[in-house]
Amino acid sequence: MNWRHQPVCCSACPPGENYLEIMDAKPEPGPLSESSELFSFGVIADIQYADLEDGYNFQGSRRRYYRHSLLHLQGAIEHWNKESSPPSCVLQLGDIIDGYNAQYQASEKSLELIMNTFQRLKVPVHHTWGNHEFYNFSRDYLTNSKLNTKFLEDQIAHHPETVPSENYYAYHFVPFPKFRFILLDAYDMSVLGVDQSSPKYQQCLKILREHNPNTELNSPQGLAEPQFVQFNGGFSQEQLNWLNEVLTFSDRNQEKVVIAIFPFIPRPLTVCAWPGITETPWQSFGLTSAWCVSSPVTPMTVATLRTLLVCTTST
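All figures in this text were calculated on a predicted structure; none of them were measured in a lab.

Turning our eyes to something else, we now look at the overall build of the chain. Regarding its fold elements, the chain presents seven helices and 13 strands. Buried residues in the chain amount to 56% of all 315 residues. Put simply, of all contacts in the chain between residues at least 6 apart along the chain, 65% involve residues at least 24 apart. Carbon together with sulfur atoms contributes 50% to the accessible area of the chain, which is approximately 14100 Å² in total.

Inspection of the secondary structure assignment puts Ser145 in the loop between α5 (139-143) and β8 (171-176). A distance of 3.1 Å separates the side chain of Ser145 from the backbone nitrogen of Leu147, its partner in a polar contact.

For helix α1 (residues 69-82), built from 14 residues, the straight-helix expectation of 20 Å at 1.5 Å per residue is met to within 8% by its first-to-last C-alpha distance of 20 Å. Those residues of α1 not exposed but buried are Ser69, Leu70, Leu73, Ala76, Ile77 and Trp80. Seen from one end, α1 has its buried residues packed into an arc of 120°, which puts them on one side.

Moving on, we get to the pairing of strand β10 (residues 256-260). Across the five residues that make up β10, a large majority, five, are buried. Where burial is concerned, the two faces of β10 agree: the one with Lys256, Val258 and Ala260 and the one with Val257 and Ile259 are both buried. By the bridge criterion, five bridges tie strand β9 (residues 179-183) to β10 in an arrangement that is parallel. Among the inter-strand pairings, Leu183 is bridged to a residue of β10, identified as Ala260.

Turning to the pattern of salt bridges, a few remarks are in order. Across all of its chains, the model carries nine salt bridges by this definition. Between Arg67 and Glu53 there is a salt bridge; the shortest N-O distance is 3.0 Å. Linking Arg67 in the loop between β5 (63-64) and α1 with Glu53 in the loop between β3 (42-44) and β4 (55-56), this pair joins segments that are 14 residues apart in sequence. Note on Arg67: relative accessible area 34%, which makes it partly exposed. By relative accessible area, which is 59% here, Glu53 ends up exposed. Between Glu210 and Lys206 there is a salt bridge, with its nearest N and O atoms 2.6 Å apart. Of this pair, Glu210 and Lys206 both sit in helix α6 (residues 199-211), four residues apart, which is roughly one turn of the helix. Of the two residues, Glu210 and Lys206, both sit in the exposed class.

Glancing now at the nonpolar core. One finds Leu91, Ile96, Ile114, Phe118 and Ile182 to be the most contacted residues of the largest nonpolar core, which totals 57 residues. In this structure, this core is formed jointly by two domains, domain 1 (40-152) and domain 2 (154-272 + 285-314), each of which donates at least three residues. Contact partners of Ile96, with chain neighbours within four places excluded, come to Ile47, Gln48, Tyr49, Leu111, Ile114, Met115, Phe118, His127, Glu133 and Leu147. Of all hydrophobic cores here, the second largest spans 10 residues; its members include Met189, Val194, Tyr201 and Leu205.

The subject of this paragraph is the pairing of β9. Within β9, five of the five residues are buried, which leaves it mostly tucked inside the rest of the structure. Alternating residues of β9 divide into Phe179, Phe181 and Leu183 and Arg180 and Ile182, and every residue in both groups is buried. Bridge count for β8 against β9 is four bridges, and the pairing is antiparallel. Counterpart to Phe173 in the pairing with β9 is Phe181. Between β8 and the antiparallel strand that follows it, β9, lie two residues; Lys178 among them carries a positive phi value of about 70°.

Any pair of aromatic rings gets described here by the distance separating the centres and the angle formed by the planes. Counting across every chain of the model gives 15 aromatic pairs. Seen from their ring centres, Phe39 and Phe179 are 5.0 Å apart, and the 50° between their planes marks the pair as tilted. Of the two residues, Phe39 sits in the loop between β2 (20-26) and β3 while Phe179 sits in strand β9, which places them 140 residues apart along the sequence. Residue Phe39 shares its accessibility class with Phe179, and that shared class is buried. With a centroid separation of 5.7 Å and an interplanar angle of 80°, the aromatic rings of Tyr66 and Tyr100 are classed as edge-to-face. Residue Tyr66 is found in the loop between β5 and α1, and its partner Tyr100 is found in helix α2 (residues 100-103); the two are separated by 34 residues along the sequence. Assessed through its relative accessible area of 34%, Tyr100 is described here as partly exposed. Taken together, the aromatic side chains of Phe39, Phe41, Trp129, Phe134, Tyr169, Tyr171, Phe173, Phe176, Phe179, Phe181 and Tyr187 make up a single cluster linked through ring pairs.

What counts as what
- Residues numbered from 1 in each chain as written.
- Predicted model: local features only at pLDDT ≥ 70, side-chain atom pairs only at ≥ 80, totals over all residues.
- Heavy atoms only, no water.
- Helix = DSSP H or I, 4+ residues; strand = E, 2+ residues; numbered from the N terminus.
- Buried < 20%, exposed > 50% of the residue type's maximum accessible area, 1.4 Å probe, protein only.
- Contact = heavy atoms within 4.5 Å.
- Areas by Shrake-Rupley, 256 points an atom, 1.4 Å probe, with all protein chains shown as cover.
- Polar contact = N/O pair within 3.5 Å; in protein donor to acceptor, adjacent residues only side chain to side chain.
- Expected span 1.5 Å × (residues − 1).
- Arc of directions from axis to C-beta.
- Pairing = 2+ DSSP bridges.
- Salt bridge = Lys/Arg side-chain N within 4 Å of Asp/Glu carboxyl O.
- Core = buried A, V, L, I, M, F, W, Y, C linked by side-chain atoms within 4.5 Å.
- Domains from an automatic or database assignment.
- Phe/Tyr/Trp six-rings, centres within 6.5 Å; stacked < 30°, edge-to-face > 60°.

As structure tokens, then:
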């Protein structure tokens with residue numbers, strides 16, 4: 001499978017930073033499925049819009065273009081809409097508006113502007129949630145917002161184990177025969193977006209403080225495990241068990257799997273999930289080829305147990 005990167009602008013991932021990239025994925029010609037049609041999907045990440053003048057990232061090392069990111073989104077949508085063979089869907093990998101919106105009481109206004117822009121797109125959009133979503137909104141708000149696209153999930157008859165719990169925001173769908181996409185909730189376990197009086201907040205804060213003694217919990221300074229910072233999160237065992245059930249189903253049906261996740265990639269370690277990194281947390285039957293698409297947009301082969309497709313990257 002060839003992953004064609006079209007970077008628009010980029011920087012690193014912690015709070016206050018911006019990254020936007022468009023990506024199409026198309027299988028190379030060959031006996032990859034029962035259908036001979038080409039299959040493609042779009043990916044966009046870290047729009048981080050705010051109606052603000054240019055600024056700098058969290059470390060002050062890169063320039064930020066808050067307002068200009070809207071133009072990049074518009075350009076991406078125009079590109080997809082003009083394709084002679086449009087993508088089957090688009091993955092929006094989180095950080096859709098910048099955290100500064102909360103400071104200026106502009107969160108809802110900025111989100112409405114971005115979502116109205118997405119309405120111009122002629123194909124379905126699947127949204128994941130990043131740390132900037134939780135800087136602006138609570139988890140309850142997001143669950144009842146247009147950023148919840150769980151209604152697009154695939155309902156597999158007679159397989160209730162593949163139905164996700166309401167305790168986390170994750171689901172799966174099939175945009176093309178024999179390809180299953182899984183969206184994961186990377187802030188299932190997090191101090192962001194949850195009521196500070198809740199047991200879950202207290203549990204996550206305890207985990208965070210056990211690994212991060214810094215006064216500033218967003219600082220990885222001196223940490224042996226630098227992913228244990230406040231702007232990260234992790235996966236509950238409940239979500240991982242569900243993921244294993246979905247992958248088991250895909251194994252049995254010889255499906256290829258694409259996992260969409262925010263924001264965890266192996267490098268730098270400061271943008272990895274609390275319990276570890278994006279390693280395979282499942283025991284599978286050994287049939288599935290699975291790829292992880294994360295933010296910054298990077299296709300990673302997280303499990304290639306049956307190599308029917310070859311994942312190559314170009315930047």
